[in-house]
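Notes for the structure review
The residues making up each chain are set out below.
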Amino acid sequence: MPEIVERSEVLSPEPAWALGALLDVPVPDLERGEGLPLLWHWFYLLERPAQADLGPDGHPVRNCVPAPPGPGRRRMWAGGRVRTHGVLRCGEPATRRTRVVSVADKQGRSGPLTFVVVEHLISQGGRVVVEERQDLVYRPAAGSLPAVSGGEVVPAGAGEWAIEVTPTLLFRFSALTYNAHRIHYDRDYARDVEGYPGLLTHGPLQALAMAEAARARGVGGEVEFTYRLVAPLFDHQGLITSATKESDGVTTSVRDMHGRQTATGQLRGVA
């Protein structure tokens, strides 16, 4: 594969309308020139690998950026940073340039880990509008994960947004992002092969929920959003997110129905 992969397309409103319907969130008036909200670029300029290029877990194993560091390694989305320098508008062409910024091998408790940083630059109208870095981790195949304790249910409180996580929602989110990773929709595979106690809720879905919670609080414009996935979240555990305004920005987080935090984020205005 070349060091930089470039993909261009005219952005259409249909993916945004589909996302709005999926999460029951407001969609900007895209046909009148309003821009896409933060992180909605994830539903555009998608790579669509050939079926023959997918591995047993549904992820591409060749002709992709990044390529897995070796056979049998399992991919996890660990976090990232998105910086906006304007808004993406539908009805206009856009280009995404993708490259691997760094690869680092480390030794973890479960064995060798490979940390990969991938950069995406999305341009429209002759300038970069979205600058993104994604942090990915590849780990070896392992046995079952330790069981996650339940405990008392902590209902969504004032200022929190609860999303009902169902297999249907996870499947439709996978379809919108052209993500064939089976841990999100194939319960038998997730349980019997990868040892998970349920379907895994996408890291990008958690990040998007945090960004939407911030948007509901009136946060917009040019921002830098840094987020981390700190614990796995499974479909039976729900998804509850919140955004709190502070003097220098917004703090966001995701927790499960028992109060266990699974993701954190920070939004800051771009000077």
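Note that this is a predicted model, so its numbers are computed, not measured.

Let's talk about the overall build of the protein
A count of helical and extended segments in the protein gives four helices and ten strands. Of the regular secondary structure in the protein, the N- to C-terminal order runs β-α-β-β-β-β-β-α-α-α-β-β-β-β. By principal-axis analysis of the C-alpha atoms, the protein measures approximately 50 × 50 × 30 Å. In the protein, buried positions account for 45% of the 271 residues. A separation of at least 24 residues holds for 70% of the contacts in the protein among residues at least 6 apart in sequence. Carbon and sulfur atoms make up 52% of the accessible area of the protein, which totals about 13100 Å². Within the protein, one finds 29 positive and 31 negative side-chain charges whose respective centroids are separated by 4 Å.

Remarks on the sheet that holds strand 9 (residues 249-255)
The strand order across the open sheet built from ten strands is 1-3-4-5-2-7-10-9-8-6, with neighbouring strands paired in antiparallel fashion. Edge positions in the sheet fall to strand 1 (4-10) and strand 6 (160-163), since each of these pairs with one other strand and no more. Between one strand and the next, the sheet's axes are offset by a mean angle of 20°, whatever the strand orientation. Note that strand 2 (residues 74-84) and strand 7 (residues 223-229) share five bridges and pair antiparallel. Following the sheet pairing, Arg-83 is matched in strand 7 by Glu-224.

Focus on the packing of helix 1 (residues 14-23) against helix 2 (residues 167-176)
Contact geometry for helix 1 and helix 2: axes closest at 11 Å, N-to-C directions at 165°. Considering their axes alone, helix 1 and helix 2 lie roughly antiparallel with respect to each other. Every pair of crossing elements has a handedness; the one defined by helix 1 and helix 2 is left-handed. Between helix 1 and helix 2, the residues in contact are Ala-18, Leu-19, Leu-22 and Leu-23 and Leu-169, Arg-172, Phe-173 and Leu-176, respectively. Partitioned by chemical class, the residues of the contact of helix 1 with helix 2 number seven nonpolar, no polar and one charged.

Focus: the pattern of salt bridges
Enumeration over the complete set of coordinates arrives at 18 salt bridges. One salt bridge connects Arg-228 with Asp-135, and the closest N-O pair in it is separated by 2.6 Å. Within this pair, whereas Arg-228 is found in strand 7, its partner Asp-135 is found in strand 5 (residues 127-139), the two being separated by 93 residues in sequence. Residue classification places Arg-228 among the partly exposed positions, given a relative accessible area of 35%. Judged by relative accessible area, which is 21%, Asp-135 ranks as partly exposed. Via salt bridges that share partners, Arg-99, Glu-119 and Arg-133 belong to a single interconnected network.

Focus: the packing of aromatic side chains
Counted according to the given criterion, the structure contains six aromatic pairs. Three or more aromatic residues link up through ring pairs in this structure, and these residues are Trp-42, Trp-77, Phe-225 and Tyr-227. In this structure, Arg-48 is placed above the aromatic ring of Tyr-178, and the distance from its NZ or CZ to the ring centre is 5.9 Å. One Lys or Arg, Lys-106, reaches over the ring of Phe-115 and ends 5.2 Å from the middle of that ring.

Examining unusual backbone geometry
Put simply, Val-65 and Pro-66 share a cis peptide bond, and its omega is 0°. Along the chain, the position of Pro-66 falls in the loop between helix 1 and strand 2. Of note in the backbone geometry, Leu-45 takes a positive phi value of approximately 55° without being a glycine. Note on placement: Leu-45 falls in the loop between helix 1 and strand 2. For Leu-45, a relative accessible area of 2% puts it in the buried group. Its identity is not glycine, yet Asn-63 carries a phi of approximately 55°, on the positive side.

Reading the values: rules and limits
- Residues numbered from 1 in each chain as written.
- Predicted model: local features only at pLDDT ≥ 70, side-chain atom pairs only at ≥ 80, totals over all residues.
- Heavy atoms only, no water.
- Helix = DSSP H or I, 4+ residues; strand = E, 2+ residues; numbered from the N terminus.
- Buried < 20%, exposed > 50% of the residue type's maximum accessible area, 1.4 Å probe, protein only.
- Contact = heavy atoms within 4.5 Å.
- Areas by Shrake-Rupley, 256 points an atom, 1.4 Å probe, with all protein chains shown as cover.
- Lys, Arg positive; Asp, Glu negative; His and termini not counted.
- Charge placed at Lys NZ, Arg CZ, Asp CG, Glu CD.
- Pairing = 2+ DSSP bridges.
- Axes fitted to C-alpha atoms, helices over the stretch in contact; angles between N-to-C directions.
- Parallel < 35°, antiparallel > 145°, perpendicular 65-115°, else oblique.
- Left-handed = near helix turned anticlockwise from the far one by under 90°.
- Nonpolar A, V, L, I, M, F, W, Y, C, P; charged D, E, K, R; others polar.
- Salt bridge = Lys/Arg side-chain N within 4 Å of Asp/Glu carboxyl O.
- Phe/Tyr/Trp six-rings, centres within 6.5 Å; stacked < 30°, edge-to-face > 60°.
- Lys NZ or Arg CZ within 6 Å of the ring centre and 35° of its normal.

Coordinates in, geometry out; function isn't part of it.
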